[in-house]
Amino acid sequence: MDFRFNFVIDGNENNEPDTQDKMDLKLCSRKHKQECIKKSKKTAETVADSSPRLGTDKHREETPKFGFKAAKEHKIPEDLDKVLENKVMKTASDLYYTSTAAVEMRCLDGTDEEGIISKSVSSHSDLIPGVYEGGLKIWECTFDLINFFFEAKIEFTNKAVLDLGCGAGLLGIVALKGKAEKVHFQDYNSTVIDEITLPNAVANCINAGSGVNRKTSKPPSKKPKKAEGLSPDALNKCRFFSGEWSSVSKLLLSSKPVSKYDIILTSETIYNPDYYSALHDTLAQLLDKNGRVYLAGKVLYFGLLRKVPITEGYESPQQDSYFGHAAIKIAS
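Residues numbered from 1 in each chain as written. Predicted model: local features only at pLDDT ≥ 70, side-chain atom pairs only at ≥ 80, totals over all residues. Heavy atoms only, no water.

### Observations regarding the overall build of the chain
A tally of regular secondary structure across the chain gives nine helices and 14 strands. By residue count, 55% of the 332 residues in the chain fall in the buried class. Counting contacts in the chain only where the partners sit at least 6 residues apart, residues at least 24 apart contribute 81% of the total. Of the roughly 14700 Å² of accessible surface on the chain, 47% is carried by carbon and sulfur atoms. (Helix = DSSP H or I, 4+ residues; strand = E, 2+ residues; numbered from the N terminus. Buried < 20%, exposed > 50% of the residue type's maximum accessible area, 1.4 Å probe, protein only. Contact = heavy atoms within 4.5 Å. Areas by Shrake-Rupley, 256 points an atom, 1.4 Å probe, with all protein chains shown as cover.)

Laid out in structure tokens, this is it:
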């Protein structure tokens, strides 16, 4: 059976959609298909970056392949203050997140295990296919999806949640604040988990205490009402994983009890059609039979190897698994 998205693309008269056009999508089991929220439009200002960029001609000529990276679980250190040492925290939508610029300055000498920070900075690249997949930055659709959660009053209470391709992990942190039963975070790069995701989770759970250097950033245009605070005990609900999707899936499915998720959250993970098959398989393997996926992405991605319509790759391949689906919001 075909795995298809029912996309609604809001382009201009010249059939050239703006680079800022985005859509939030919900993929859900067939029984929930009729529950999808009516499509609406809005203009959103964000504090995040827009389309990815590749810095060199070599990168532009390559065809990105989702390289294999072994799965790894990252344990939460006992000394939480150590996790936040030398971190500069910013705030948006009542969430704390690590300043990427400060991390880059500290790790420019290649001290991060993978060396992705020095490679990213030296190549002026937001993405190095198969090496670094953009997790150091917060992409703008993340805040669009967070706003949607509050507008649509999405319930996370007692849910098992996966933040897939988590980067900063803000989607998962919102779910944690929403009293999720457990929240797992996954990113391709271990450096992202260690330097960005885990510190963000810790900062939000201990309210970024006085030992953390904080800065305030301009929040999204429609600031959601304040979510409940967290405590350090909330970290007991969290697990952190790095690695390529298929390897992380195998690790999760091999655990006892098997990890299946009521809700999977993912933002800006559809920028390359070469990754669509892996994404589909991961969702099919890890989503509970009555679960839902909330996926946010742009209509078109510029600045990569080519313009990438997000319908490409989902329309023709035959897939064993089927998702009911709908576009639930378009923000331009």
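From this point on, the discussion continues.
### Things to note about a nonpolar patch on the surface
A cluster of nonpolar side chains, namely Met105, Leu108 and Val121, defines an oily patch on the protein surface of about 270 Å² accessible area. Its place among the elements puts Met105 in helix α3 (residues 100-107). Note on Met105: relative accessible area 64%, which makes it exposed. (Patch = residues over 30% accessible without salt bridge, like charges linked within 9 Å, V, L, I, M, F, W, Y side chains within 5 Å. Salt bridge = Lys/Arg side-chain N within 4 Å of Asp/Glu carboxyl O.)

### What about helix α8 (residues 245-254)?
When α8 is considered as a whole, its buried residues turn out to be Trp245, Ser247, Val248, Ser249 and Leu252. The inward-facing, buried residues of α8 contact β6 (160-164), β7 (182-187), β9 (238-242), β10 (261-267) and α9 (276-286).

### Section: the pairing of β7
For β7, a buried count of five out of six residues is recorded, marking the element as mostly surrounded by other parts of the structure. Bridge count for β6 against β7 is five bridges, and the pairing is parallel. Counterpart to Asp163 in the pairing with β7 is Phe185. In this region the chain leaves β6, passes through helix α6 (residues 170-177) and returns to the parallel neighbour β7; the handedness of that crossover is right-handed. The pairing of β7 with β9 spans five bridges and is parallel. From the neighbouring strand, Asp187 faces β9, where its bridge partner is Ser242. (Pairing = 2+ DSSP bridges. Right-handed = clockwise from strand over helix to strand, strands pointing away.)

### Observations regarding the pattern of salt bridges
Under the definition given, this model contains eight salt bridges. Taking the shortest distance from any N to any O, the salt bridge between Arg239 and Glu73 comes out at 2.9 Å. Highlighted residues: Arg239 in strand β9 and Glu73 in strand β3 (residues 72-74), separated in sequence by 166 residues. Among the residues examined, Arg239 registers a relative accessible area of 27% and is labelled partly exposed. Look at Glu73 and you get partly exposed, because its relative accessible area is 24%. The closest approach of N and O atoms between Glu195 and Arg106, which form a salt bridge, is 2.5 Å. In this pair, Glu195 sits in helix α7 (residues 190-205) while Arg106 sits in helix α3, placing the two residues 89 residues apart along the sequence. With relative accessibility at 15%, the residue Glu195 sits in the buried group. Look at Arg106 and you get partly exposed, because its relative accessible area is 32%. Each of Glu73, Lys75 and Arg239 takes part in one network of salt bridges that share partners.

### Here we look at the confidence of the model for the chain
Counting all residues, the mean pLDDT for the chain is 74, and 66% of those residues have values of 70 or more. Across residues 1-47, confidence stays below pLDDT 50; counting only partners more than four residues off in sequence or on other chains, it has 160 contacts. Within the model, the stretch residues 55-65 combines pLDDT values under 50 with 24 contacts to residues more than four positions away or in other chains. (pLDDT = per-residue confidence, 0-100.)

### Considerations on the packing of aromatic side chains
Using the criterion set out here, one finds five aromatic pairs in the structure. When the ring of Phe148 is compared with that of Tyr294, the centres are 6.3 Å apart and the planes differ by 45 degrees; the resulting orientation is tilted. Of this pair, Phe148 sits in helix α5 (residues 141-151) while Tyr294 is found in strand β11 (residues 287-298), placing the two residues 146 residues apart along the sequence. In this pair, the class of Phe148 matches that of Tyr294, namely buried. (Phe/Tyr/Trp six-rings, centres within 6.5 Å; stacked < 30°, edge-to-face > 60°.)

### Brief notes about the nonpolar core
Among the nonpolar cores identified, the biggest contains 54 residues, and Phe149, Phe156, Val161, Leu170, Leu265 and Tyr294 are the most heavily contacted of them. By residue number, the principal contributor to this core is α7, which donates eight residues. Core analysis: the second largest hydrophobic core is formed by 23 residues, Ala160, Tyr261, Leu279 and Leu287 among them. (Core = buried A, V, L, I, M, F, W, Y, C linked by side-chain atoms within 4.5 Å.)

### Quick look at the side chain of Thr191
Looking at the secondary structure, you find Thr191 in helix α7. On the basis of relative accessible area, Thr191 is assigned to the buried category, the value being 3%. In contact with Thr191, other than residues within four places in its own chain, are Asp112, Glu113, Glu114, Ile116, Ile117 and Ile196.

### Some points on the packing of α8 against α9
Between α8 and α9, the shortest axis-to-axis distance is 9 Å and the interhelical angle comes to 10 degrees. Between α8 and α9, the angle falls in the class roughly parallel. Two secondary-structure elements touch here, α8 through Trp245, Ser246, Ser249, Leu252 and Leu253 and α9 through Ala278, Leu279, Thr282, Gln285 and Leu286. Here the residues of the contact of α8 with α9 are counted per class, giving six nonpolar, four polar and no charged. (Axes fitted to C-alpha atoms, helices over the stretch in contact; angles between N-to-C directions. Parallel < 35°, antiparallel > 145°, perpendicular 65-115°, else oblique. Nonpolar A, V, L, I, M, F, W, Y, C, P; charged D, E, K, R; others polar.)

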